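# Observations on chain architecture
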Amino acid sequence: MTDQPETIKQTFDQLVEIANQFEPNAKVTNIQHHGSGNINSTFLVTLELQPPFILQRLNTVVFCQPELVMNNICILSDYVRQKLEQGNFSVQRRWLMPRVLFTPQNQNHYVAEDGTFWRGISFIDNSQSFDTIQNLQHAQEIGYGLGMFHRLLTNLPTEQLADTLVGFHITPGYLKHYHQVREKIQIKSSAEVNYCLQFIRDRPNLPYILENARINGKLHLRTIHGDPKINNIMIDCSTKEAVAMIDLDTVKPGLIHYDIGDCLRSGCNLLGEETSKWTEVKFEPQLAQAILKGYLEVARDFLTQDDYQYIYDSIRLLAFELGLRFFTDHLEGNVYFNANHDEHNLARALVQFKLTESIESQQETIEQIIAELMNC
Ligand code: GN1
Ligand code: MG
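Residues numbered from 1 in each chain as written. Chains lettered and ligands numbered in written order. Predicted model: local features only at pLDDT ≥ 70, side-chain atom pairs only at ≥ 80, totals over all residues. Heavy atoms only, no water.

## Focus: the pattern of salt bridges
- Applying the stated criterion across every chain, the model contains 13 salt bridges.
- Note that Glu-211 is salt-bridged to Arg-214, the shortest N-O span being 2.9 Å. A residue pair is termed a helical-turn pair when its members lie 3 or 4 positions apart in one helix, as Glu-211 and Arg-214 do in helix α6 (residues 209-215) at three residues.
- Residue Arg-214 is classed as partly exposed on the basis of its relative accessible area of 32%.
- Note that Arg-222 is salt-bridged to Asp-307, the shortest N-O span being 3.3 Å. Note that Arg-222 is positioned in strand β8 (residues 222-224) and Asp-307 in helix α9 (residues 305-309), a separation of 85 residues in sequence.
- By relative accessible area, Arg-222 is classed as buried at 14%.
- One salt-bridge network, held together by shared partners, links Arg-93, Glu-141 and Glu-241. (Salt bridge = Lys/Arg side-chain N within 4 Å of Asp/Glu carboxyl O. Helix = DSSP H or I, 4+ residues; strand = E, 2+ residues; numbered from the N terminus. Buried < 20%, exposed > 50% of the residue type's maximum accessible area, 1.4 Å probe, protein only.)

So this is what it looks like as structure tokens:
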């Protein structure tokens, strides 16, 4: 069997050589694994006398046209930088876009000898991110960050961006794929697997809720982030304010509800996505209130009445959708999400399904929070 680029591991010296493509005039002092992404491999490169930068190997099984991903990111960052510089877009505080680093050949990426695809991105200075919400102020800043990102992109025509991940967040498509996988494979039964099978079976209409709203004209496509989980929103170490959104691979046309739902399902689970205590997972409404308050501070002007009507559904759906994606990947043998052990994606699916259950059991409270915020 030949190695796929994704399974190749680089030695430290090879990493230094790749890093040098993006900062040819600086001396690399260290390269360390960074963050907790499930798809790409991320490293922090430290340099002598210069700020560090992020080096990433793109997973080209998932992003099969990585050049288009890089083009999207460049279009987006140029657009936002211009908007911020023009000054007619008032941002009262520090807000930054990660900068794509170019090679001496003026390329926004580098393909190594082994066929792996790399990019360099500036590190947002004096900032950090967290896998779980630290306090209510942090929650509000998470919402503000997402709102600011959406607001900056409200007028970027979606046609300018390529669809780099066809079917991303189209839940009916994930359901279809799940059924195809089920037909293909022999399922090894266990209490956990049976819980997941039943969980999906019990919610036949849920996967269609946002797509039907789009088809019926209630929701429309805009430019979205696609992966606004809370560790993709950088927090300034000094002011504790949101300063940037990172991980721009999935920026593309979509429904902002994918982003709102994903941000809330990620932020309002204090045990985090990777917990082994899945039976204890809960959705925290007071964190949802703080995130939405921060979001509306910047997003209120471009939200329609229908947008508000689908916020609860989006939170419930995005937790369910991620559970469905993890569970399908478990059944398929971990072909999409990086997994540290055979049952890893099953464990992750259980967390998301338990979270969905908790969201459903608090529907009234969550809807009331949304209604109050809408009217204030
Ligand atoms: C993946 O790799 P990462 O962590 O940035 C996934 C998201 C999921 C997330 C769950 C392209 O993002 O959709 O919400 O895992 N990204 C892609 O942790 O599928
Ligand atoms: Mg991502």
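## Concerning the packing of aromatic side chains
- Applying the stated criterion across every chain yields a total of nine aromatic pairs.
- Seen in terms of ring centroids, Phe-199 and Phe-320 are 6.3 Å apart; in terms of plane orientation they differ by 25 degrees. Their pairing is stacked. Here Phe-199 is found in helix α5 (residues 191-201), whereas its partner Phe-320 is found in helix α10 (residues 311-332), with 121 residues between them in sequence. The pair Phe-199 / Phe-320 is uniform in exposure class, with both members buried.
- Every member of this aromatic cluster is reached through a ring pair, and the members are Tyr-195, Phe-199, Trp-278, Phe-320 and Phe-353.
- In this arrangement the basic side chain of Arg-93 is found over the ring face of Tyr-144, its NZ or CZ atom lying 3.6 Å from the centre.
- Between Arg-203 and the ring centre of Phe-199, over which it is positioned, the NZ or CZ distance is 3.7 Å. (Phe/Tyr/Trp six-rings, centres within 6.5 Å; stacked < 30°, edge-to-face > 60°. Lys NZ or Arg CZ within 6 Å of the ring centre and 35° of its normal.)

## Here's the deal with the coordination of the magnesium ion (ligand 2)
- Distances from the magnesium ion (ligand 2) to its protein donors, Asp-227 (OD) and Asp-247 (OD), fall at 1.9 to 2.0 Å. Within this pair, whereas Asp-227 is found in the loop between β8 and β9 (233-236), its partner Asp-247 is found in the loop between β10 (242-245) and β11 (252-254), the two being separated by 20 residues in sequence.
- Exposure remark for Asp-247: the relative accessible area of 24% places this residue in the partly exposed category. (Donors = N, O, S within 2.8 Å, 3.2 Å for Na, K, Ca; no water.)

## Some details on the domain arrangement of the chain
- Along its sequence, the chain is carved into domain 1 (12-66 + 98-123) and domain 2 (136-374).
- Measuring from the centre of the C-alpha atoms in domain 1 to the corresponding centre in domain 2 gives 28 Å.
- Opposite the 10 residues of domain 1 that make contact, domain 2 presents 16 residues.
- Interface area, domain 1 with domain 2, both sides summed: about 1,100 Å², of which 48% is carbon and sulfur.
- Taken as a group, Asn-38, Phe-63 and Pro-98 account for 50% of the area that domain 1 buries against domain 2, more than any other trio of residues on that side.
- Our enumeration of links across domain 1 and domain 2 arrives at one salt bridge.
- Notably, a salt bridge pairs Arg-119 with Asp-249, separated by 2.6 Å at the nearest N-O pair.
- There are five residue pairs in polar contact (both at pLDDT 80 or more) connecting domain 1 and domain 2.
- Tallied by class, residues from the side of domain 1 that touches domain 2 come to four nonpolar, five polar and one charged. (Domains from an automatic or database assignment. Contact = heavy atoms within 4.5 Å. Buried area = accessible area lost by both parts, 1.4 Å probe. Polar contact = N/O pair within 3.5 Å; in protein donor to acceptor, adjacent residues only side chain to side chain. Nonpolar A, V, L, I, M, F, W, Y, C, P; charged D, E, K, R; others polar.)

## Focus: the site of ligand 1
- In the region of ligand 1, 16 residues are neighbours, and Asn-38, Lys-229, Glu-273, Arg-325 and Tyr-336 sit closest.
- Residue Lys-229 places a side-chain N or O atom 2.6 Å away from an oxygen atom belonging to ligand 1.
- Summarising the interface, the protein chains cover 95% of the accessible area of ligand 1, which totals 440 Å² for the free molecule.
- In the shell around ligand 1, the residues fall into seven nonpolar, three polar and six charged.
- Shared between two domains, the shell around ligand 1 holds at least three residues of each, these being domain 1 (12-66 + 98-123) and domain 2 (136-374). (Near = heavy atom within 4 Å. Areas by Shrake-Rupley, 256 points an atom, 1.4 Å probe, with all protein chains shown as cover.)

## Concerning helix α3 (residues 136-153)
- The end-to-end C-alpha separation of α3 is 26 Å, in line with the 26 Å expected for 18 residues at 1.5 Å each.
- Of the residues that open α3, the one with a side-chain oxygen 3.2 Å from the backbone nitrogen of Gln-137 is Asn-135. (Expected span 1.5 Å × (residues − 1).)

## What to know about the packing of α3 against helix α7 (residues 256-267)
- Between α3 and α7, the shortest axis-to-axis distance is 11 Å and the interhelical angle comes to 165 degrees. Classified by the angle between their axes, α3 and α7 sit roughly antiparallel to one another. Crossing handedness for the pair α3 and α7: right-handed. Across the interface between the two elements, Ile-142, Leu-146 and His-150 of α3 pack against Ile-256, Asp-259, Ile-260 and Cys-263 of α7.
- When the residues that make up the contact of α3 with α7 are grouped by side-chain class, the tally is five nonpolar, one polar and one charged. (Axes fitted to C-alpha atoms, helices over the stretch in contact; angles between N-to-C directions. Parallel < 35°, antiparallel > 145°, perpendicular 65-115°, else oblique. Left-handed = near helix turned anticlockwise from the far one by under 90°.)

## Brief notes about the sheet that holds β10
- Spatially, β7-β9-β10 is the arrangement adopted by the three strands of the open sheet, whose pairing is antiparallel. Edge positions in the open sheet fall to β7 (127-128) and β10, since each of these has one partner strand only.
- Across two bridges, β7 lies against β9 in antiparallel orientation. When the bridges of β9 are listed, Ser-127 appears paired with Asp-236.
- In this fold α3 packs onto β9 and β10, with an angle of close to 120 degrees to the strand it touches most, β9. (Pairing = 2+ DSSP bridges.)

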